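# Structural characterization, general
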Amino acid sequence: MRTEEPRPVRLKDYRPPDWLIETVDLDVSLHPTAATVRAKLKIKPNTAGRPAPLVLDGDELKLQSLAFDGKPLAAEHFVATPDRLTIGQVPNRPFELTVETLVDPTGNTQLMGLYRAGATYCTQCEAEGFRRITYFLDRPDVMAVYTTRIEADKNEAAVLLSNGNLVSHGDVPGTTRHFAVWHDPFPKPSYLFALVGGNLACVEDSFTTMSGRKVKLAIYVEPGKEARVPYAMDSLKRAMRWDEQVFGREYDLDIFMIVAVSAFNMGAMENKGLNVFNDKYVLASPTSATDADYAHIEAVIAHEYFHNWTGDRITCRDWFQLCLKEGLTVFRDQEFTASQRSRAVERISDVRALRSHQFVEDAGPLAHPVRPELYHEINNFYTSTVYDKGAEVVRMISTLLGVKMFRKGMDLYFARHDGQAATVEEFVQCFADASRREFFPQFMRWYSQAGTPEIKVVPHYDARDRTYRLDITQTIPPTPRQPDKEPMVIPLAFGLVGADGADLPLVLDGRPLDRGMLELTRLSHTFVFDGITQRPVPSLNRGFSAPIKLALPIEPDDRRFLAAHDSDPFNRWQALQTLAMTLLKTNVAALRTGTPPRDDDGLMAALGAILNDGTLEPAFIALTLAPPSEADIAREIGSDVDPDAVFTARRRLRAAIGERHRAALADSYRRMITPGPYRPDAQSAGRRTLKNACLDFLALAEPGDARAYAQYRTADNMTDRMAALETLTQHNRPECAAALDDFYKRHADDPLIIDKWLALQAAIPESATLDRVRALTAHPAFSTSNPNRIRALIGSFAQVNHTQFNRSDGEGYAFVADFVLALDPKNPQVAARLMGAFRSWRALEAKRRAHAESVLRRVAASPALSPDLHDIVTRTLADS
Ligand SMILES: [Zn+2]
C-alpha cells in the first residue's frame, strides 16, 4: 500500500518525458515466488540542455542489481524504493541501464504486473502494471522496441509467449529449463507488453491478409478446453476481414495469439500480437455458453483485435486520452457486430446498456467528462463514460460527416499518426482537415463537458401556412466540478412522418434537405419546414443519433403511430419505451402513496401489434416487449427513489403484458422453437431470445405454468436451460430449489458455468437472498482470488439486484461494504469497481440514503484503504 497522501494527476500538467527508452531487452526467468527480471534499457535524452535526473516508476519492486553502461552502479549514485528508482546525475547522452528485479508471481493477488492465473504465468500491464515487473518510464508516450527472452522449467511452463514474432527457442543445457526469444518490431508503450508461460493447449488456424500474407493464428487455453475455441477463432477471422474491408486495416505481424486465463481483472487486453483474455470471453460450446456469451465473445475478440490499429499502432499520449483508443474501438466493435447481426437490434441493445450504465453514472457523483481532466487513480476511469459515451462521440462524428467522409478522416488519422502516441485533439483534427467542416472546435465539448444534454422540442403545425415548426432548446445539467456548461454540437436525425407512414419531403428555408439531420449548435433553435400539407408526427433522434435525453411532448396516439409506422426501427422501439416509462413513473408514485396503479390499454394494444407482426425480427420484438430497466426508471425519477416501488411497478407491467397477451405469447413460444442442433448465429439466437422472453411473461401471468421447468429439464443447450432456470428463480417457483441443485451437480467442475449459478442466486428479488449470498461466499465454488467468481456473486447482488442491495434495513449496503473492505488489500481494482454500486445513493429515498451514507462514511474512515478504493469512496461522498 502506498502511504503518502494521493496527489491528483492533471491533464494540464502534461509535459513530454525528459528521457526516452528506445529498446528494451528483457530476460525473464520464471519461478513461482521469485522470478528474476533483467531489463537492459537503451535510454536517450528527450530534452536539450541541462540533463534531468532519471526517475523510473516502480510498484512493490525489489532491486537486485543496477548497471550503467555495463558497469555496476555504486549505491551512492541512486535511490531505489519499492515504487521509484532515482539516479540523480546522468550524462545528457544516450546510455544503457541494466536493471535486475525480483518479483513474486504467486504472491501477486492484485493481478497487475506478472502474476499466476491458476498455474499459468501471465501479465497485465494496463494501465500501470509494467512498473510491477521492472523499473521503467511507465507512461504511454514512451514507446520502445522490445526483445523478450523467457526462461522456465519445461514441466511448469511448456509454452512461453511474448509480443511480436518468435526469434529462437531451445533448451538450457544441463537443466530441465528451456527458453524462447520474442521480438516485436513495432515500438510500443509498456502497457502493451505481455508475457505468458504455462502448460497450455493450442488451437491453430491461419488467415491470409488482403495483401496476400499468411498469418498464423493461435488460441491458447487450458488443456481439455480446445473444443470450446472454434467460435472465438471464427470471430477473430471475421473481425480481421471486416477491418480490412471497412477500414483498410491489415494485420502486421507473422502471428496473432490469444491466451485465455482464468483469473483476470478485466474482460481482455490488447497486448501487441498477444491478447490476454478472461477465459469467459473465449470459451464457448452449445452446452456451456448462452447466446449472450457467444455474442460477447464475438464482440470482445473483435474489440481487442481492432485495437491493433486503434490503440497499439496509434496509442494514447497519456491516460487522459484513454477514450481515444477505447471510445473509438468500442465504436468499431459495435459497427462490426451490426454488420454480423442485426443493425437495429445491436443499436437498441447498445443504447439500453448506455442508459442503464453511462446515463446513470453521468447523473451521479462519479460523473466525469469522456476525457477527464484530473484523476487520483487511473484504474477507476475505465468507465462506461470513457468507453460507451466515448463511442457515441465517435459515432456522432460519423453521423455528422457521413460514412464516406468519416472513412476519409480515419484514413488521415492512420496516415498521420501511425507509430505515435496521440491526443484527442489530433484525432478530431483529422476529421476537421478531411471534411473542412467548421464545427469541430465546439464539438470538442463532448470530450470536456460531463452530463447528459437535455433537448426539449416543442413542435407546432400551422395548417393554414402549411408550415411545421420545431422550437428546440438544449440544457446540460451541472456535474461535479462543472456547474456551468456551454452548448454542444448535436446531430439530431429526424423525419416528419405522414399519415401513410412515409416520411414527408423536407424543405427548410426554401431548400430541400437531402437527409433528415438537424445540427444543433446553440442553446435554442427554431426550424420551420415549408409545404407541409398534413399534420405530421415528428420522429426525432432517429437511431439515437446523439446521446441525449429528449423531451418531445406528443400525444400517446402519436407514439403508438410511430411504434407501428416509423421507418426508423430504433424510434419504433423508443416510442413504446417512452409510453412504458411514463406509465411506470406514474405507478411508482401511486405505489408509494397507496393509490391504485394505472393501466395503459393503448400501450398494451401496441405491444400486441408488435408481438403479432410476422415481418419483424424476433430479437427486435423481444426488445420491444421489455420495459425500461430498473436502473433506467430510477434515473428518470431522479430523486427520492424507492427501489421496491420501482421493482413492483415494473413487475406489475410485465405481468399485465403476460396476462393480456397470454395466447399470443404462448403461440410465439411454440413458433420460436428451432428444431435441429443448436446454432449460435444471430437469427437462431434471436428466435431463442423471443421464445425465452415469452416463457418468462407466461410464467408471470400463470403461476402454475409448467413450461419453464419442462424447458429446464429438456433443454439441449445452455441458452434455453439458463433462461428457464432464471424464470424459475426470479418468480420463486416451487421447482426452483430442485433445478438449482440439479444445475450445480451437472456443472460443479466447470467454474465458468458455476458463475452463472452464483449470479442467478444473487439476483433473486427476495429478502432471503442476502443470507443466501452470504452463505455462498463460504461455498467451495466461490473464491475471492478469482474476479469472475466475485463479479458473479457479489457483483450481481450489488449491481443487478436493486431491491436486495437497496434493502430498507441497510443490510445489503453493509454486506457489500464489508466484502469490499476485506477484498481491498488483496485486489484493490476489483474492490473499487464493486463500490461503484453506490454511485446513485444520493437519489434514494431518505431512509436508504441515510443507511448508504453511513456505510460509505464507515468505508471512507477505514484505515489503509488502497488508492483505488479511497478515490471511489471519496468521490462518491463528495458534495458536488
Ligand atoms: Zn479496449
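The following refers to the structure shown. (Residues numbered from 1 in each chain as written. Predicted model: local features only at pLDDT ≥ 70, side-chain atom pairs only at ≥ 80, totals over all residues. Heavy atoms only, no water.)

Our focus in this paragraph is the overall build of the protein. The number of helices and strands found in the protein is 28 helices and 33 strands. For the protein, whose C-alpha radius of gyration is 28 Å, the value lies close to the compact-globule estimate of 29 Å for 880 residues. Overall, the protein is about 90 × 70 × 60 Å in size when its C-alpha atoms are taken along their principal axes. Expressed as a percentage of its 880 residues, the buried residues of the protein come to 60%. Within the protein, residue pairs in contact and separated by at least 24 positions form 71% of the contacts whose partners lie at least 6 positions apart. (Helix = DSSP H or I, 4+ residues; strand = E, 2+ residues; numbered from the N terminus. Rg over C-alpha atoms; globule rule 2.2 N^0.38 Å. Buried < 20%, exposed > 50% of the residue type's maximum accessible area, 1.4 Å probe, protein only. Contact = heavy atoms within 4.5 Å.)

This brings us to the pattern of salt bridges. Under the definition given, this model contains 75 salt bridges. Glu-298 is the partner of Arg-341 in a salt bridge, and the nearest nitrogen-oxygen pair spans 2.7 Å. In this pair, Arg-341 sits in the loop between α3 (322-340) and α4 (343-362) while Glu-298 sits in helix α2 (residues 291-306), placing the two residues 43 residues apart along the sequence. One salt bridge connects Arg-317 with Asp-318, and the closest N-O pair in it is separated by 2.7 Å. Residue Asp-318 is classed as buried on the basis of its relative accessible area of 7%. (Salt bridge = Lys/Arg side-chain N within 4 Å of Asp/Glu carboxyl O.)

So, on to the coordination of the zinc ion. Ideal geometry at a metal centre gives angles of 109.5 degrees when four donors are arranged tetrahedrally and 90 or 180 degrees when six donors are arranged octahedrally. Only His-303 (NE2), His-307 (NE2), Glu-326 (OE) and Glu-326 (OE) from the protein coordinate the zinc ion, and they sit 2.0 to 2.7 Å from it. Donor residues for the zinc ion, ordered by position in the chain, follow H-x3-H-x18-E. One end of the pair, His-303, is in helix α2; the other, Glu-326, is in helix α3, with 23 residues separating them in the sequence. (Donors = N, O, S within 2.8 Å, 3.2 Å for Na, K, Ca; no water.)

Right, let's get into the packing of aromatic side chains. Inspection of the entire model under this criterion finds 41 aromatic pairs. When the ring of Tyr-294 is compared with that of Tyr-678, the centres are 5.6 Å apart and the planes differ by 40°; the resulting orientation is tilted. Here Tyr-294, found in helix α2, pairs with Tyr-678, found in the loop between α16 (662-671) and α17 (682-701); they are 384 residues apart in sequence, far enough to count as distant. As far as the burial class goes, Tyr-294 and Tyr-678 line up, both buried. Residues Phe-544 and Phe-570 carry aromatic rings whose centres are separated by 5.7 Å and whose planes lie at 45° to one another, so their mutual orientation is tilted. Taken as a pair, Phe-544 in the loop between β32 (537-540) and β33 (549-551) and Phe-570 in helix α11 (residues 569-593) lie far apart in primary sequence, 26 residues in all. Taken as a pair, Phe-544 and Phe-570 share a single burial class, namely buried. Just above the ring of Phe-186 sits the side chain of Lys-272; from NZ or CZ to the centre is 4.3 Å. (Phe/Tyr/Trp six-rings, centres within 6.5 Å; stacked < 30°, edge-to-face > 60°. Lys NZ or Arg CZ within 6 Å of the ring centre and 35° of its normal.)

Tracing the backbone shows Asp-333 in helix α3. If we skip the residues at most four places from it in the chain, Asp-333 touches Ala-299, His-303 and Phe-306.

Moving on, we get to the pairing of strand β16 (residues 195-198). Side chains Leu-195 and Gly-197 of β16 all project onto a buried face; the interleaved residues Val-196 and Gly-198 project onto the opposite face, where all are buried too. The sheet contact formed by strand β11 (residues 120-124) and β16 spans two bridges and is antiparallel. Bridging from a neighbouring strand, Cys-122 pairs with Val-196 of β16. The pairing of strand β13 (residues 159-162) with β16 spans four bridges and is antiparallel. Bridging from a neighbouring strand, Val-159 pairs with Gly-198 of β16. (Pairing = 2+ DSSP bridges.)

Strands sit in the order β4-β8-β7 across an open sheet of three strands; the sheet is antiparallel. This sheet does not close on itself; its edge strands, each paired only once, are β4 (54-57) and β7 (78-81). This sheet shows a mean twist of 5° between the axes of neighbouring strands, independent of strand direction. Sheet topology places β4 next to strand β8 (residues 84-87); four bridges connect them, and they run antiparallel. By the bridge assignment, Leu-54 is partnered in β8 with Ile-87. (Axes fitted to C-alpha atoms, helices over the stretch in contact; angles between N-to-C directions.)

Moving on, we get to the sheet that holds strand β27 (residues 490-497). Two orientations exist for strands paired in a sheet by backbone hydrogen bonds: parallel and antiparallel. Strands sit in the order β30-β27-β32 across an open sheet of three strands; the sheet is antiparallel. The strands lining the two open edges of the sheet, one partner per strand, are β30 (517-520) and β32. Along the sheet, successive strands turn relative to each other by an average axial angle of 30°, direction set aside. In terms of strand pairing, β27 meets β30 through four bridges, oriented antiparallel. Across the sheet, the residue bridging to Ala-493 is Met-517, located in β30.

Spacing of three or four residues puts side chains on the same side of an α-helix, whose turn is 3.6 residues. Given a rise of 1.5 Å per residue, 15 residues ought to cover 21 Å, and the 21 Å separating the end C-alpha atoms of helix α27 (residues 846-860) matches this to within 8%. Residues of α27 that are buried include every one of Arg-848, Ala-852, Val-855, Leu-856 and Val-859, and no others. The arc that holds every buried residue of α27, seen down its axis, measures 100°, which confines them to one face. As for α27, its buried residues are in contact with α15 (643-660), α25 (811-823), α26 (828-835) and α28 (867-877). Between the side-chain oxygen of the N-cap and the backbone nitrogen of Lys-847 there are 2.9 Å, and the N-cap of α27 in question is Glu-845. (Expected span 1.5 Å × (residues − 1). Arc of directions from axis to C-beta. Polar contact = N/O pair within 3.5 Å; in protein donor to acceptor, adjacent residues only side chain to side chain.)

Direction vectors running N to C along α15 and α17 enclose 95°, while the axes themselves pass 8 Å from each other. The angle between the axes of α15 and α17 places the two elements in the roughly perpendicular class. Together, Arg-651, Arg-654, Ala-655, Ile-657, Gly-658 and Glu-659 of α15 and Asp-696, Phe-697, Leu-700 and Ala-701 of α17 make up the contact between the two elements. Class assignment for the residues of the contact of α15 with α17 results in five nonpolar, one polar and four charged. (Parallel < 35°, antiparallel > 145°, perpendicular 65-115°, else oblique. Nonpolar A, V, L, I, M, F, W, Y, C, P; charged D, E, K, R; others polar.)

What follows concerns the nonpolar core. In terms of nonpolar packing, the biggest core is built from 283 residues, with Leu-97, Phe-427, Phe-443, Tyr-447 and Phe-529 touching the most fellow members. Sorting elements by how many residues they give to this core places α11 first, with 10 residues. Dropping the residues within four chain positions of it, Leu-97 is found in contact with Ala-39, Lys-40, Leu-41, Ile-43, Leu-54, Leu-56, Leu-66, Ala-67, Phe-68 and Ile-87. (Core = buried A, V, L, I, M, F, W, Y, C linked by side-chain atoms within 4.5 Å.)

Checked against the element boundaries, Asp-153 lands in strand β12 (residues 143-153). Arg-177 is the oppositely charged side chain nearest to the buried, salt-bridge-free Asp-153, at an N-O distance of 5.1 Å. Only 2.8 Å separates the side chain of Asp-153 from the backbone nitrogen of Asn-155, close enough to count as a polar contact. (Lys, Arg positive; Asp, Glu negative; His and termini not counted.)

Let us look at the pairing of strand β10 (residues 113-117). Across the five residues that make up β10, a large majority, four, are buried. In this structure, the hairpin formed by β10 and β11 is closed by a connection of two residues, where Gly-118 is found at a positive phi of approximately 65°.

Turning next to the environment of Phe-306. Here Phe-306 lies in helix α2. Phe-306 gets classed as buried once you look at its relative accessible area, which sits at 0%. Sequence separation of Phe-306 and Asp-557 is 251 residues, and the distance between their C-alpha atoms is 44 Å. Not counting residues up to four positions away in its chain, the partners in contact with Phe-306 are Ala-239, Trp-242, Asp-243, Thr-329, Arg-332, Asp-333 and Phe-336.

Moving on to helix α6 (residues 403-417). Compared with an ideal rise of 1.5 Å per residue, which puts 15 residues at 21 Å, α6 spans 21 Å between its outermost C-alpha atoms and is within 8% of the ideal. Every buried residue of α6 is listed here: Phe-406, Gly-409, Met-410, Tyr-413, Phe-414 and His-417. Along the long axis of α6, the arc covered by the buried residues comes to 140°, so they all point the same way. When the buried face of α6 is taken as reference, the exposed residues oriented beyond 90 degrees from it are Lys-404 and Ala-415.

This paragraph deals with unusual backbone geometry. Across the junction of Glu-126 and Ala-127, the peptide omega takes the value 0°, indicating a cis bond. Here Ala-127 is to be found in the loop between β11 and β12. In this structure, Arg-436 is a non-glycine residue whose phi angle is positive, near 55°. Note on placement: Arg-436 falls in the loop between α7 (424-435) and α8 (440-443). Unlike most non-glycine residues, Arg-481 shows phi in positive territory, near 70°. Assignment of secondary structure puts Arg-481 in the loop between β26 (467-475) and β27. According to the relative accessible area criterion, Arg-481 is exposed, its value standing at 64%.

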